[in-house]
Amino acid sequence: MPELQYPDDARFTCVQCGACCRDLRIPLTAADYERHSAVTWLENLTHKSKKLFDKRRERQGEVCYFAHHPVHGCVFLQPDNLCLVHSAKGYDYKALACKLFPFKFIPSPDGIRVARKFHCPAVIANEGEPLNKQHKQLSKLFGDYCQSIQCEVPSAVMFYHDYAIPWPAFAQIEATLFTAIEIGDLPLYKRLLLCLRFIHACKIEALGQQGTFGIELDPQKILCELLQENMQKRRPALGERVVVTQFLGYLVAHYSRRSVWHSLYLPLRKLSLALGIGHVQLPGFTHPVALSQLHNCPPWQPTAECEALLHYYFRQKLLTRDYFGPACFKLPLVAGLNLLVLAYPLTVMLARLYALSRGHVTPLLQDVKDAMYLSDFACYASDIWSGTAGRLSAFMLSSPALLEKLVVWYGSGTSTGTPTGEKQYAGK
Ligand code: SF4
């Protein structure tokens with residue numbers, strides 16, 4: 001079996017908050033479906049349900065999920081946040097997706113990277129047992145995973161559209177991205193801009209080379225150019241802001257009760273939120289926030305711990321290669337990095353909304369944690385990218401100029417630069 005690799009500082013122990021079971025739909029493998037169909041579960045459910053499964057037609061064909069209630073979540077979730085399947089039949093009987101969460105396995109030539117989804121409070125807090133001490137359980141989980149899901153190392157890395165690069169070329173790019181994200185005396189948003197500029201410079205070089213990929217770029221030179229520029233905030237145009245605010249419509253729809261009234265009203269609500277109009281109410285909000293308030297906020301000066309948490313997030317994603325390829329809708333590297341960088345303006349926007357809903361203007365650590373919980377979910381939800389608005393956003397994001405504008409708009413004036421978060425954010 002290939003070797004599992006964990007970031008040194010990664011920890012996880014489930015705190016049984018039940019958030020994943022409430023928020024996420026659980027896709028089933030054929031074996032999961034067969035196993036659960038053979039049991040008469042319906043009469044034992046705490047929240048009565050007429051059905052155990054939902055079938056949905058998706059791009060890859062019909063997918064079967066556990067039935068999901070908009071408020072109570074998964075049919076098997078009990079009021080004490082424990083799973084009925086786990087209590088009645090034990091851990092091994094559970095669906096593969098339930099056992100996997102929050103882990104992802106990402107095949108690479110030098111081993112299997114073990115990534116964690118950040119749509120989990122315990123992952124954001126980096127709490128619990130170090131992953132390298134859970135090697136035995138994770139190896140067994142990986143064995144179960146390989147029985148149902150193909151887990152082969154791609155022969156090359158898709159770089160841009162259908163242009164692939166060999167793994168050694170990717171390793172050089174990756175090393176530069178790490179150098180950029182670790183520059184301690186630069187605000188995080190500038191480090192992300194540096195990553196973005198670097199990857200797009202690589203793209204231009206690659207396209208000019210027609211088939212061979214040599215990295216002649218000098219990251220120091222790109223950095224100097226970046227630092228010499230006057231990073232003036234330019235207000236993104238309405239259409240450009242929609243790229244970020246459309247996520248709010250998606251999140252509001254996801255957390256709304258499903259009813260006839262809502263299905264009529266939601267498209268209008270989503271459109272108004274995407275245009276920056278109306279009020280937002282999300283889980284954990286003390287009261288709804290008008291989006292107009294967001295644009296009147298003074299610049300954000302984040303505390304060192306907020307900046308360290310944000311840095312921790314981006315560093316973990318890079319370390320585990322959890323932002324492109326099979327880990328992320330099969331996106332090529334350039335598109336995956338665009339999406340990763342977009343998580344920054346989205347998280348800052350959500351953190352500001354959380355702060356406003358809780359009666360303060362400057363986001364605190366808890367606001368950033370709550371924002372990260374939602375932004376990681378929204379960025380990596382396939383639903384959002386399959387609709388018309390999602391496809392339009394993806395098209396707009398292929399322009400690095402737009403992303404840069406969004407990152408500067410949400411990030412500038414926000415931080416003074418801190419030492420790298422790796423050491424500062426040990427989890428709380
Ligand atoms: S969200 Fe994370 S901590 Fe909460 S129940 Fe799920 S896995 Fe456990």
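These remarks concern the structure in this document. Remember, it's a predicted structure, so these values are computed and weren't measured experimentally. (Residues numbered from 1 in each chain as written. Predicted model: local features only at pLDDT ≥ 70, side-chain atom pairs only at ≥ 80, totals over all residues.)

1. Considerations on unusual backbone geometry
This is how it is decided: Helix and strand assignments come from DSSP, with helices taken as H or I runs of at least 4 residues and strands as E runs of at least 2, each series counted from the N terminus.
Omega for the bond connecting phenylalanine 101 with proline 102 falls within 30 degrees of zero, at 10 degrees, which places this linkage in the cis form. Residue placement: proline 102 occurs in the loop between helix 4 (96–100) and strand 6 (103–108). Positive phi is not limited to glycine here, since asparagine 81 has a value of about 70 degrees. By secondary structure assignment, the location of asparagine 81 is in the loop between strand 5 (73–74) and helix 3 (84–89).

2. Here's the deal with the packing of helix 13 (residues 304–320) against helix 15 (residues 365–379)
The cut-off we apply is this: Here an axis means a line fitted to C-alpha atoms, over the contact stretch when the element is a helix, while the angle between two N-to-C directions is reported on a 0 to 180 degree scale. Each angle receives one of four descriptions, namely roughly parallel if under 35 degrees, roughly antiparallel if over 145, roughly perpendicular if within 65 to 115, and oblique otherwise. Take the far helix as your reference; a near helix turned counterclockwise from it by less than a right angle gives a left-handed crossing, and one turned clockwise gives a right-handed crossing. A pair of residues counts as a contact when their C-beta atoms, built from backbone coordinates, are within 7 Å of each other. Under this grouping Gly is polar, as are all residues other than the nonpolar Ala, Val, Leu, Ile, Met, Phe, Trp, Tyr, Cys and Pro and the charged Asp, Glu, Lys and Arg.
Orientation of helix 13 relative to helix 15, taken along the N-to-C sense of each, is 20 degrees, at an axis distance of 9 Å. For the element pair helix 13 / helix 15, the angle class is roughly parallel. Two packed elements cross with a definite hand, and for helix 13 against helix 15 that hand is right-handed. In this structure, helix 13 uses Glu305, Cys306, Leu309, Leu310 and Tyr313 to contact helix 15, whose residues at the interface are Leu365, Val368, Lys369 and Met372. Residues that form the contact of helix 13 with helix 15 fall into these classes: 7 nonpolar, no polar and 2 charged.

3. Describing helix 14 (residues 333–357)
Under the convention used in this document: By definition here, a helix of n residues has an expected span of 1.5 Å times n minus one. Burial is judged by counting the other C-beta atoms within 10 Å of a residue's own C-beta: 20 or more makes it buried, 12 or fewer makes it exposed, and any count in between marks it as partly exposed, with every C-beta position built from the backbone.
Over its 25 residues, helix 14 runs 36 Å from end to end, which matches the ideal 36 Å to within 8%, given 1.5 Å per residue. Most of helix 14 sits inside the fold, with 25 of its 25 residues counted as buried. Positive backbone phi, at 85 degrees, marks glycine 359, one or two positions downstream of helix 14.

4. Regarding the nonpolar core
One recurring pattern in soluble globular proteins: nonpolar side chains tend to sit buried together. What counts is decided by this rule: Note on terminology: a nonpolar core is a set of buried residues of type Ala, Val, Leu, Ile, Met, Phe, Trp, Tyr or Cys, with members joined through C-beta atoms within 7 Å.
Formed by 109 residues in total, the largest nonpolar core has its most connected members in Leu192, Cys195, Leu337, Val341, Leu346, Ala378 and Val407. Take this core: its biggest share by element is 19 residues, from helix 14. In this structure valine 341 touches Leu192, Cys195, Leu196, Leu403 and Val407, once residues within four positions along its chain are discounted.

5. Notes on the site of the ligand
Rules: We count a residue as near a molecule or strand when its backbone-placed C-beta atom lies within 6 Å of that partner.
Every residue close to the ligand is listed here: Cys14, Val15, Gln16, Cys17, Gly18, Ala19, Cys20, Phe101, Pro102, Cys120, Pro121 and Ala122. Every element with two or more residues in the shell around the ligand is listed here: helix 1 (19–23) and helix 5 (121–125). Partitioned by chemical class, the residues of the shell around the ligand number 10 nonpolar, 2 polar and no charged.

6. Things to note about the pairing of strand 8 (residues 157–160)
Where we set the bar: Should DSSP find at least two bridges between two strands, the strands are taken to pair.
As paired elements, strand 8 and strand 9 (residues 163–165) share 3 bridges and run antiparallel to each other. Each bridged residue has a counterpart across the sheet, and for methionine 158 the counterpart in strand 9 is alanine 164.

7. Some thoughts on the packing of helix 14 against helix 18 (residues 400–411)
Two numbers describe a pair of packed helices, the interaxial angle and the distance between the axes. Direction vectors running N to C along helix 14 and helix 18 enclose 30 degrees, while the axes themselves pass 9 Å from each other. If you check the angle between helix 14 and helix 18, you find them roughly parallel. Considering how the two elements wind past one another, helix 14 and helix 18 form a crossing that is left-handed. Residues Asn338, Val341, Leu342, Tyr344, Pro345, Val348 and Met349 of helix 14 form the contact with helix 18, whose own contacting residues are Leu403, Leu406, Val407, Tyr410 and Gly411. Tallied by class, residues from the contact of helix 14 with helix 18 come to 10 nonpolar, 2 polar and no charged.

8. Quick notes on the sheet that holds strand 1 (residues 4–5)
In a beta sheet, neighbouring strands pair by backbone hydrogen bonds and run either parallel or antiparallel. Pairing is mixed in the open sheet, where 3 strands are placed in the order 1-7-6. Edge strands, defined here as strands with exactly one partner in the open sheet, are strand 1 and strand 6. Pairing of strand 6 with strand 7 (residues 111–116) involves 6 bridges; the strand directions are antiparallel. Following the sheet pairing, serine 108 is matched in strand 7 by glycine 111.

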